[in-house]
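The residues making up each chain are set out below.
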Amino acid sequence: MTVIWKRAAALTAAALAMALGGSTLSAQSASADPAGVFRTLNWENAADRTIPGTPPPGFIKQWVSSHGATTVTSPVRDGSYAARFQLNKSDPLISNGKRAEISQSNKQPVNAERWYGFSINLPSSWVHDPSAEIVSQWHQCDESNCPKGSPPLALLTDEGHWKIDFRGNIIDLGPYATGRWTDWVFHVKWRADDKGVLEVWRDGQPAMPSYTGATHAGGPYSPYFKFGIYKWDWNKEQSQSTTTQRVMFYDALRLGDERAGYQDVNPAGGGTDCGTATLPIASASATTFEPINPPAQAIDGNLSTRWSGQGFGASLFLDLGSVRRTCGTRVAWHLGDQRWNDYTVYTSLDNVTYTKAWEGRSSGTTTGLEQKLFTNGPRDARYVKISFWQNPQNDWASITEAAVLGS
Ligand SMILES: [Ca+2]
Ligand SMILES: [Ca+2]
């Protein structure tokens, strides 16, 4: 289903990428939580690993069984730990529903601007089901003078698709993939007047058109965030569901206020898997090369050997051997301390369709490896293409070493 916003201000993907690009470097070098991120819950801090007995500090327990919410060491989006939620159809009710959720306080400040970043891993057991389930939601306040009704915003899975329910509009985001992490960033200005904003990104790409206008129905508080599994259908007498259990993993939650930005809460920005890990490369090839400098010399671990190919658009291809989660490259250029090189990094799943992941210029001040994280965060890829455009001295692409970052 397609939603046409009455007051939509659509942001093109290109404009968004440009807007995001400016803040990429500062976020990459940040070691502590940046200003504006008021809570990180990535389960790496021992004091946060309180489940299933009690909720992490500052959060509220909304699970009833010991299997409801636990920490695990695999799979993880970042670091060494993630949360695992399990909801069985036979579980008792809590807060009038079948749910295994962790909740913020229900008293969020009125007119709050918030950034929410998190990553969800649906395992292969997350089979298609005729009834939907909510995996993250923003619930209106519970006080007596709050407007009643459904949560103004929810992320759900339904019939094999990711969907957003925003004030009763269902926005179909297309099929979900199981067995991998999907990164989400939500930016909301919680307003009951026309000054509200909703923006959503999935895996570094805009997931829906930007929306401006009222984001909730008002009241003395802004909506509060809950995450985990909520499957209301299991509490109906005429349940449509054909499943009896749901298990999912959740990691890299960051909550930011109006001082934060996209990269501050982006799961890809804080993930250790994008800091130091380089992926094995099965083989290298190129569109062109001179016989004494073949493409294999760009992946031999030796900065004194190189691939050299002549001409505008000369390209080096790196094959990872299988689809991996990739998040950037490290490239060292021959004579890299004497001249810069303009180049573009593309990725591909099939070696047929390539999409741009990064574009820019090397520093011109080092012969060592220079790291460039992908502009819009991690992506699945098997093939990485590095295309040379120009340097100030000649028309030769000469890369001494190239590596791919990922997990
Ligand atoms: Ca973690
Ligand atoms: Ca080399």
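Labelled according to an unreviewed UniProt entry, the chain appears under the name Heparin lyase I family protein, originating from Streptosporangium amethystogenes subsp. fukuiense.

The next thing to look at is the sheet that holds strand β9 (residues 161-166). Here 7 strands make up an open sheet; going across it, the order is β2-β5-β15-β7-β8-β9-β10 and the pairing antiparallel. What marks the edges here is a single partner per strand, and that holds for β2 (60-62) and β10 (169-175). Sheet twist, expressed as the mean angle between neighbouring strand axes with direction ignored, is 15 degrees. Two elements, β9 and β10, share 6 bridges in a ladder whose sense is antiparallel. Each bridged residue has a counterpart across the sheet, and for Lys 163 the counterpart in β10 is Asp 172.

To continue, consider the environment of Pro 109. Along the chain, the position of Pro 109 falls in the loop between β5 (99-103) and β6 (113-121). With 111 residues separating them along the chain, Pro 109 and Pro 220 place their C-alpha atoms 7.9 Å apart. In contact with Pro 109, other than residues within four places in its own chain, are Arg 114 and Ser 222.

Ideal geometry at a metal centre gives angles of 109.5 degrees when four donors are arranged tetrahedrally and 90 or 180 degrees when six donors are arranged octahedrally. The calcium ion (ligand 1) binds to the protein through Asn 42 (O), Glu 44 (OE), Asp 78 (O), Asp 78 (OD), Tyr 81 (O), Asp 251 (OD) and Asp 251 (OD), with metal-donor distances spanning 2.3 to 2.6 Å. Motif for the calcium ion (ligand 1), donor spacing along one chain: N-x1-E-x33-D-x2-Y-x169-D. Residue Glu 44 is located in the loop between β1 (37-41) and β2, and its partner Asp 251 is located in strand β16 (residues 245-256); the two are separated by 207 residues in the primary sequence. For Glu 44, a relative accessible area of 27% corresponds to the partly exposed category.

With that out of the way, let us pick up the coordination of the calcium ion (ligand 2). At the metal site, the calcium ion (ligand 2) is ligated by Gln 297 (O), Asp 300 (OD), Asn 302 (O), Thr 305 (O), Thr 305 (OG1), Thr 400 (O) and Glu 401 (OE), and these contacts range over 2.3 to 2.7 Å. One chain supplies every donor for the calcium ion (ligand 2), spaced along it as Q-x2-D-x1-N-x2-T-x94-T-E. You can call Asp 300 partly exposed: its relative accessible area is 36%.

A side chain with one charge can pair with a side chain of the opposite charge if their charged atoms come near. The final tally for this structure, using the stated rule, is 20 salt bridges. In this structure, Asp 193 and Arg 191 form a salt bridge, with 2.7 Å as the shortest nitrogen-oxygen distance. Residue Asp 193 is classed as partly exposed on the basis of its relative accessible area of 31%. Its salt-bridge partner being Arg 259, residue Asp 257 comes within 2.8 Å of it at the nearest N-O pair. The class of Asp 257 is buried, set by a relative accessible area of 9%. Since its relative accessible area comes to 54%, Arg 259 is described here as exposed. Each member of the salt-bridge network shares a partner with another, and the members are Arg 77, Arg 180, Asp 183, Asp 203, Arg 325 and Asp 380.

Moving on: the packing of aromatic side chains. Within this structure, the stated rule accounts for 24 aromatic pairs. For the pair Phe 118 and Phe 186, a centre-to-centre distance of 5.9 Å together with 15 degrees between the ring planes defines the contact as stacked. Of this pair, Phe 118 sits in strand β6 while Phe 186 sits in strand β11 (residues 181-189), and the two are 68 residues apart along the sequence. Note on accessibility: Phe 118 and Phe 186 belong to one class, buried. Centre to centre, the rings of Trp 333 and Phe 388 are 6.3 Å apart; their planes meet at 45 degrees, and the pair counts as tilted. Linking Trp 333 in strand β19 (residues 315-333) with Phe 388 in strand β23 (residues 379-390), this pair joins segments that are 55 residues apart in sequence. Judged by its relative accessible area of 1%, Phe 388 falls in the buried class. Ring pairs connect the aromatic residues Phe 59, Phe 85, Tyr 116, Phe 118, Trp 138, Trp 162, Tyr 176, Trp 184, Phe 186, Phe 225, Phe 227 and Tyr 250, which therefore count as one cluster. We note Arg 49 situated over the ring of Tyr 81; from NZ or CZ to the ring centre the distance is 3.7 Å. Here the basic side chain of Lys 385 rests over the ring of Tyr 346, its NZ or CZ set 4.8 Å away from the ring centre.

Take the environment of Pro 55 next. Take Pro 55: it is sitting in the loop between β1 and β2. The exposure class of Pro 55 is partly exposed, given its relative accessible area of 22%. For the pair Pro 55 and Glu 101, spaced 46 residues apart in sequence, the C-alpha to C-alpha distance is 9.9 Å.

About the criteria used
Residues numbered from 1 in each chain as written. Chains lettered and ligands numbered in written order. Predicted model: local features only at pLDDT ≥ 70, side-chain atom pairs only at ≥ 80, totals over all residues. Heavy atoms only, no water. Pairing = 2+ DSSP bridges. Helix = DSSP H or I, 4+ residues; strand = E, 2+ residues; numbered from the N terminus. Axes fitted to C-alpha atoms, helices over the stretch in contact; angles between N-to-C directions. Contact = heavy atoms within 4.5 Å. Donors = N, O, S within 2.8 Å, 3.2 Å for Na, K, Ca; no water. Buried < 20%, exposed > 50% of the residue type's maximum accessible area, 1.4 Å probe, protein only. Salt bridge = Lys/Arg side-chain N within 4 Å of Asp/Glu carboxyl O. Phe/Tyr/Trp six-rings, centres within 6.5 Å; stacked < 30°, edge-to-face > 60°. Lys NZ or Arg CZ within 6 Å of the ring centre and 35° of its normal.

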